[in-house]
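Chain by chain, the residues run as shown.
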Amino acid sequence: MDEKLKALRQAIDEVDGKLVALLSERARLAQEVGRVKEATAAPVYRPDRETEVLRNVGAANPGPLPGAALAAIFREVMSACRALERRIRVAFLGPAGTFSELALLKQFGSSVEAVPCPSIDEVFRTVEAGAAEFAIAPVENSTEGSVTRTLDLLLATPLAIVAEVSLPVEHHLLTSSGSMQGVTRICAHAQALAQCVNWLNLHYPSLERQPVASNGEAARLASTDPAVAAIAGEAAAGRYGLVPVASHIQDDPANRTRFVALGRQHAQPTGRDKTSLILAVAHKAGAVHHMLAPLARHGVSMTRFESRPARTGAWEYYFYVDVEGHESDPQVAAALEQLRGECAFYKSLGSYPVAP
């Protein structure tokens, strides 16, 4: 048995050596790409190109590595190679340990400069002011629906959506001791409290529930105050030295949150894209039907339709719409051109690759 293991380990060492040589060759090619980009003022980060790479890797995967594991490896390879050109800055809802940080790592890899912000407003403001190049913001949850503050900020921002990230969200009840003895309040982001409301009603109905800016902030508070329990993920538990009292306490076991990455550039078509819009129509009979008719006429599928009050006091609404396809695709472009003619307000938030 020892001889067989020794031979297998030697074979693994040889493969590792080949991998190092190939990764070094890939990094040198990435440096050449960087020099070409610098000469042409092209952006360092191309979400469409990185999506193409990951899709190609997935299509070529013979196993036994799962596709998600292989994608995670290549995401980090691309992130490290991209950093040889320049390390980009990405703003997220902090502090460290939030699901927003996990979404950042899934989209950009770890070879970036992550910029934690105390609120979603500050995430947008940081990129709009040029202190970071990209932002990650939560936009909707499969249990609780839209993150309304993000929707309101999307209405006014000059930034465009360049990518989307979908994360499974698993909540844990965390304390500094692993016990609820002496705990008087449970802290979490308002969305997390809502996503665990039935579990909390069943197990701790009498404890105060305090919304805070993020689950990471809740974990930080719990690490300094034994009277506080936090609802947060595994990353926050590890970062702040917290111990789970209970795990997977979200009411929906399939709970997911969708995030968007925002920047000043625009993603190119990849063949599997999505376009996000904000629309408004005049207050008259049939206006919404006429607004959406061009999509049906040109065979463009709508994947999301949601309204938000315009806050004018006149019962007017903005409609947040996602459609399949890139706005440069011929049928999508034709539909959107006619759609503009039916709208009192039209804003494209950008086209971007569909999340895997």
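Positions within a chain are numbered from 1, following the residues in the order the chain's sequence is written. Reporting of local features is limited, given that this is a predicted model, to residues whose pLDDT is at least 70; pairs of side-chain atoms are given and counted only at 80 or more, and all residues count toward the totals for whole chains, interfaces and linings. Where side-chain values are given, they derive from all heavy atoms of the structure, hydrogens and water being excluded.

Draft legend 1. Structural detail: the packing of aromatic side chains. Between 30 and 60 degrees the pair is tilted, below 30 it is stacked and above 60 it is edge-to-face, where a pair is any two Phe, Tyr or Trp rings, Trp via its six-membered ring, whose centres lie within 6.5 Å. Per the stated rule, a full pass over the model turns up six aromatic pairs. Judged by centre distance (6.0 Å) and plane angle (50 degrees), the ring pair of W199 and Y204 falls under tilted. Here the aromatic rings of F305 and F319 are separated by 5.2 Å at their centres, their planes lie at 20 degrees, and the arrangement is stacked. Of this pair, F305 sits in strand β13 (residues 302-309) while F319 sits in strand β14 (residues 317-324), and the two are 14 residues apart along the sequence. We count a stretch as a helix when DSSP gives it H or I for four or more residues in a row; a strand needs E for two or more, and each element gets its number in order from the N terminus.

Draft legend 2. The sheet that holds β13, seen in detail. Two strands qualify as a pair provided that DSSP identifies no fewer than 2 bridges between them. On the basis of which strands lie adjacent, the open sheet formed by four strands has the order β13-β14-β12-β15 and antiparallel pairing. On the outer flanks of this sheet lie β13 and β15 (345-353), each paired with one strand and no other. Taking the axes of each pair of neighbouring strands and ignoring which way they run, one obtains an average angle of 15 degrees across the sheet. Bridging between strand β12 (residues 273-280) and β15 involves eight bridges; their strand directions are antiparallel. Bridge pairing links T275 to S351 in β15. Here the axes come from fitting lines to C-alpha atoms, over the contacting stretch only for helices, and the angles between their N-to-C directions go from 0 to 180 degrees.

Draft legend 3. Local environment of a nonpolar patch on the surface. Here, patches come from residues exposed beyond 30% relative accessible area and free of salt bridges, joined within 9 Å for like charges and within 5 Å for nonpolar side chains (Val, Leu, Ile, Met, Phe, Trp, Tyr). Calculation of accessible area relied on Shrake-Rupley with a 1.4 Å probe; when residues are assessed, cover is drawn exclusively from the protein chains displayed. The rule for a salt bridge is simple: a side-chain nitrogen of Lys or Arg has to be within 4 Å of a carboxyl oxygen of Asp or Glu. On the surface, a nonpolar cluster with roughly 250 Å² of combined accessible area is contributed by V15, L19 and L23. Its location among the elements puts L23 in helix α1 (residues 2-40). Exposure classes here rest on a 1.4 Å probe applied to the protein chains alone. A residue is buried below 20% of its type maximum, exposed above 50%, and partly exposed in between. Taking relative accessible area as the criterion, L23 reaches 43% and is therefore assigned partly exposed.

Draft legend 4. Highlighting the sheet that holds strand β6 (residues 172-175). Taken in spatial order, the five strands of this open sheet run β8-β7-β9-β6-β10, and their pairing is mixed. Either end of the sheet is taken by a strand with one partner, and the two such strands are β8 (208-212) and β10 (243-246). The mean inter-strand angle of the sheet, taken between neighbouring strand axes irrespective of direction, is 35 degrees.

Draft legend 5. Spatial organisation of empty space enclosed by the protein. The pocket and cavity definitions rest on a 1 Å grid over protein atoms only: a 1.4 Å probe that fits but cannot leave marks a cavity, an open set with protein on both sides within 12 Å along at least five of seven lines marks a pocket, and residues lining either have an atom within 4 Å of a point. Grid points are joined across faces, edges and corners, and a volume is the space filled by probe spheres set on the points. Per the counting criterion, the structure on display carries two cavities of 30 Å³ or more. Taken as a whole, the largest cavity encloses approximately 240 Å³ of empty space. Those elements that provide at least two residues to the lining of the largest cavity are α4 (99-108), β3 (134-141), α7 (190-195) and β11 (256-263). Per element, the largest residue contribution to the lining of the largest cavity is three residues, and it comes from α7. Across the lining of the largest cavity, the residue classes tally to seven nonpolar, ten polar and no charged. Residues are grouped as follows: nonpolar covers Ala, Val, Leu, Ile, Met, Phe, Trp, Tyr, Cys and Pro; charged covers Asp, Glu, Lys and Arg; every other residue, Gly included, is treated as polar.

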